[in-house]
Amino acid sequence: DAIKQSFESLDIVDSVSISVNSSNGAACAPYDGISAGSFTVTFHSLVGIAGDIPLLVPHTSALEGARRIDVETVTDGDAPADGTFRMSFRGAISGQVDASLSPVEDLAAAIQTALEDADTIESDGVVVSAVELSNGGEEKVFAIEFVGSGVGGDVVPIEIPAEHNRIYGSDADVYIIADGESYIARNGLDTITSRIGNVLSGTFKLRVR
C-alpha cells in the first residue's frame, strides 16, 4: 500500500496497482547474491500520457548499505491516440481539437471549426475532409483547403505550436505537410502529397489601338 500511495501522490498518476513478486512477500529486501525484493508496477491511468511510457528512473540516495535498484519493462504499454491540439495560421491560434473524436468525419468537422475560430480565417474559409488510405492504416489523415477571400494562392502553412500539442498515446503525434511535401503512411504503401496553392486574382486592362 505504501508503494501504491507513493505513486498515486504524484500529480501525473491517477491509478496504479502493485504486485509483490518475492516469495517472502517483501517488495524490498537485502540482496543475498541470488535475489532481492521484487515488485511490479502497472499503470492504469495517467494524466496527459498513455501508451508506452518511459522507463522509471530509480534514485537510491535515501537508501543505506549496498544500494541497488534494477528497473525493467515487463509489458510495453499500448493506448490509442488521445489528447488535444491547437493550430496556428498567420499568428492566430485556432480553437482546441479533441483528437479522440470518432468517426473521422466528426474529427474533420472539429478541425474545420477550430480553424475558423482563428482570427485570420473567416467563417467558411476552409474545407477539411478526411483522406482514406487505399491500403488501410491507423492514421487519421485530413486535407485542408482554403476557399475564403484573402487566403488564395500559396499561403503560409498552418502550424502546430509545440505548446499546444498535447497529443499522447502509442506513437501518437499530429503534424502538417504543405507546399508539395509528402507523407508515407505507416503501412509503407500509401503516400500522401500536399498541393501548392495556386489562384489567379486581381484585375487587368486592355487597350485597343
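The paragraphs below set out a description of the structure included in this document. Remember, it's a predicted structure, so these values are computed and weren't measured experimentally. (Residues numbered from 1 in each chain as written. Predicted model: local features only at pLDDT ≥ 70, side-chain atom pairs only at ≥ 80, totals over all residues. Heavy atoms only, no water.)

Take the overall build of the chain next. Within the chain one finds two helices and 11 strands. Listing every helix and strand of the chain by position from the N terminus yields α-β-β-β-β-β-β-α-β-β-β-β-β. At 26 Å, the chain has a C-alpha radius of gyration far larger than the 17 Å of a compact globule built from 209 residues. Referenced to the eigenvectors of the C-alpha coordinate spread, the extents of the chain come out at roughly 105 × 35 × 30 Å. Counting only residues that meet the buried cut, the chain has 24% of its 209 residues in that class. Partitioning the contacts of the chain with sequence separation of at least 6, the portion at a separation of at least 24 is 47%. For the chain, the exposed area adds up to about 14600 Å²; of that, 49% sits on carbon and sulfur atoms. Side-chain charges of the chain comprise 12 positive and 32 negative groups, with the mean position of each set lying 13 Å from the other. (Helix = DSSP H or I, 4+ residues; strand = E, 2+ residues; numbered from the N terminus. Rg over C-alpha atoms; globule rule 2.2 N^0.38 Å. Buried < 20%, exposed > 50% of the residue type's maximum accessible area, 1.4 Å probe, protein only. Contact = heavy atoms within 4.5 Å. Areas by Shrake-Rupley, 256 points an atom, 1.4 Å probe, with all protein chains shown as cover. Lys, Arg positive; Asp, Glu negative; His and termini not counted. Charge placed at Lys NZ, Arg CZ, Asp CG, Glu CD.)

Let's shift gears to helix H2 (residues 104-116). The terminal C-alpha atoms of H2, which comprises 13 residues, lie 18 Å apart, in line with the 18 Å expected from a rise of 1.5 Å per residue. Taken as a whole, H2 has its buried residues at Leu-107, Ala-108, Ala-110, Ile-111, Ala-114 and Leu-115. Within H2, the buried residues cover an arc of 160° as seen down the axis, which keeps them to one side. As for H2, its buried residues are in contact with strand S3 (82-85), strand S6 (97-98), strand S7 (126-131) and strand S8 (141-146). (Expected span 1.5 Å × (residues − 1). Arc of directions from axis to C-beta.)

A contiguous nonpolar patch, built from Leu-55, Leu-56, Leu-63, Ile-69 and Val-71 and spanning about 370 Å² of accessible area, is present on the exposed surface. With respect to the element layout, Val-71 can be found in the loop between strand S2 (39-46) and S3. The exposure class assigned to Val-71 is partly exposed, which follows from its relative accessible area of 32%. (Patch = residues over 30% accessible without salt bridge, like charges linked within 9 Å, V, L, I, M, F, W, Y side chains within 5 Å. Salt bridge = Lys/Arg side-chain N within 4 Å of Asp/Glu carboxyl O.)

Before going further, it helps to examine a negative patch on the surface. Together, Asp-52, Asp-76, Asp-78 and Asp-171 make up a negatively charged patch on the protein surface. You can see Asp-78 is positioned in the loop between S2 and S3.

Here we have three strands laid out as an open sheet, ordered S6-S3-S9, and antiparallel in their pairing. Across the chains shown, the open sheet's two edge strands, defined by having one partner strand only, are S6 and strand S9 (165-168). (Pairing = 2+ DSSP bridges.)

Bringing unusual backbone geometry into the picture now. With an omega dihedral of 0°, the bond running from Ser-102 to Pro-103 counts as a cis peptide bond. By the element assignment, Pro-103 lies in the loop between S6 and H2.

Within the fold, Leu-56 resides in the loop between S2 and S3. For Leu-56, a relative accessible area of 37% puts it in the partly exposed group. Expressed as a C-alpha distance, the spacing of Leu-56 and Val-41, which sit 15 residues apart in the sequence, is 9.9 Å. In contact with Leu-56, other than residues within four places in its own chain, are Phe-7, Phe-43 and Val-71.

Glancing now at the nonpolar core. Phe-85, Met-87, Val-97, Ile-111 and Leu-115 are the most contacted members of the largest nonpolar core, which has 19 residues in total. For this core, the elements supplying multiple residues, two or more each, are H2 and S7. Ranked by residue count, the leading element in this core is H2, at six residues. Discounting residues that sit within four places of it in the chain, Val-97 has contacts with Gly-83, Thr-84, Phe-85, Met-87, Leu-107, Ala-110, Ile-111 and Ala-114. (Core = buried A, V, L, I, M, F, W, Y, C linked by side-chain atoms within 4.5 Å.)

What follows covers the environment of Ala-99. On the secondary structure map, Ala-99 appears in the loop between S6 and H2. Once you skip the residues sitting within four places of it in the chain, Ala-99 turns out to touch Ala-81, Asp-82, Gly-83, Leu-107, Lys-140 and Ile-167.

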